[in-house]
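Secondary and tertiary structure notes
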Amino acid sequence: MGSSLPKRKEEHNGMERTELFAGILLLSFAGGLSCDLALRHFLKSRKWYGVAPVAAALVAIFLSVYGFSVSAFRCILLCQTLVMAGMVDGATREIPDRFHLLVALVGLVGFQPLPAMCGFLLVPLPFLVAALKTGKIGGGDVKLMAASGFTLGVCTGFKMMVYGLFVGLVWNLLFHRKRQSLPLAPSLAVGCFMALLL
């Protein structure tokens, strides 16, 4: 009888965690719907951008990898913000400053001053040099990398950049968009997702 009590408690805890996980997924889906509405208003469009399923998927993936932790919370907030920035950049070829600020604010969750400042200063340097020398990278992309470096630190920030540029290059090659300028924020969002998981 004594051994069945811990078993029941364990089953009860497992059910509570499952219910919590499902509740968080529903909340993230609802949050994604509100992000969709905000994007429609911001872009003055009737199109649905599909943020809700992406938000739910991000939550499910990061909670599965990191559990219910501060790391999972940071990853979810950062990727969700970058997804929205990517959608706006894809539609307008601009990244509004509010997204840079939001990405940097995510860096305050579990803030570590030295990695944040090094990431802020070093991660955007390749983009800044490319922007000054070629003019093919916009200031919004440089600021996005600075904010991402502040949040991710140097190593993960550079991983995000490398993965993001690789994704952008593959996209450009597959869809033959060599003559058009390619919005970088969508591929950088994918690069961030990959950097946080790999």
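Here goes a summary of the coordinates provided. (Residues numbered from 1 in each chain as written. Predicted model: local features only at pLDDT ≥ 70, side-chain atom pairs only at ≥ 80, totals over all residues. Heavy atoms only, no water.)

Topic: the environment of Ala91
Tracing the backbone shows Ala91 in helix α3 (residues 70-92). The spacing of Ala91 and Pro183 is 92 residues in sequence and 8.9 Å in space, taken between C-alpha atoms. (Helix = DSSP H or I, 4+ residues; strand = E, 2+ residues; numbered from the N terminus.)

Section: the packing of helix α6 (residues 125-134) against helix α7 (residues 139-152)
It is at 9 Å that the axes of α6 and α7 come closest, and there the two elements cross at 170°. Judged by the inter-axis angle, α6 sits roughly antiparallel to α7. Contacts from Phe127, Leu128 and Ala131 in α6 reach Asp141, Val142 and Met145 in α7. For the contact of α6 with α7, a count of residues per class yields five nonpolar, no polar and one charged. (Axes fitted to C-alpha atoms, helices over the stretch in contact; angles between N-to-C directions. Parallel < 35°, antiparallel > 145°, perpendicular 65-115°, else oblique. Contact = heavy atoms within 4.5 Å. Nonpolar A, V, L, I, M, F, W, Y, C, P; charged D, E, K, R; others polar.)

Concerning unusual backbone geometry
Despite not being glycine, Arg93 shows a phi value in the positive range, around 65°. Looking at Arg93, the relative accessible area reads 39%, which means it is partly exposed. (Buried < 20%, exposed > 50% of the residue type's maximum accessible area, 1.4 Å probe, protein only.)

Digging into the side chain of Asp89
As for its placement among the helices and strands, Asp89 is situated in helix α3. For the buried Asp89, no salt bridge is present, and the opposite-charge side chain at shortest range is Arg93, 6.4 Å distant. A polar side-chain atom of Asp89 sits 3.1 Å from the main-chain amide nitrogen of Ala185. Setting aside anything within four residues of it in sequence, one finds Asp89 in contact with Glu94, Ile95, Asp141, Pro183, Leu184, Ala185 and Pro186. (Lys, Arg positive; Asp, Glu negative; His and termini not counted. Salt bridge = Lys/Arg side-chain N within 4 Å of Asp/Glu carboxyl O. Polar contact = N/O pair within 3.5 Å; in protein donor to acceptor, adjacent residues only side chain to side chain.)

Here we look at the pattern of salt bridges
Counted under the stated rule, the structure contains one salt bridge. Between Asp97 and Lys143 there is a salt bridge, with the nearest N and O atoms lying 2.7 Å from each other. Remark: Lys143 occurs in helix α7 and Asp97 occurs in helix α4 (residues 97-106); sequence separation between them is 46 residues. In this structure Asp97 comes out as partly exposed when scored by relative accessible area, which is 46%.

What about the packing of aromatic side chains?
Counting across every chain of the model gives four aromatic pairs. An aromatic cluster is present here, built from Phe62, Tyr66 and Phe193 joined pairwise through their rings. (Phe/Tyr/Trp six-rings, centres within 6.5 Å; stacked < 30°, edge-to-face > 60°.)

A word on the side chain of His100
Relative to the helices and strands, His100 resides in helix α4. His100 gets classed as buried once you look at its relative accessible area, which sits at 7%. From its side chain, His100 meets the backbone oxygen of Gly140 in a polar contact 3.0 Å long. If we ignore the near neighbours within four places in the chain, the residues touching His100 are Ile95, Gly140, Lys143, Leu144 and Ala147.

A closer look at helix α8 (residues 154-174)
If you check α8, its first and last C-alpha atoms are 30 Å apart, about what 21 residues at 1.5 Å a residue would give, namely 30 Å. Along α8, the positions that sit buried rather than exposed are Gly157, Met160, Met161, Gly164, Gly168 and Asn172. One side of α8 holds all its buried residues, which, seen down the axis, span an arc of 95°. In α8, the exposed positions angled more than 90 degrees off the buried face are occupied by Cys155, Val162, Phe166 and Leu174. (Expected span 1.5 Å × (residues − 1). Arc of directions from axis to C-beta.)

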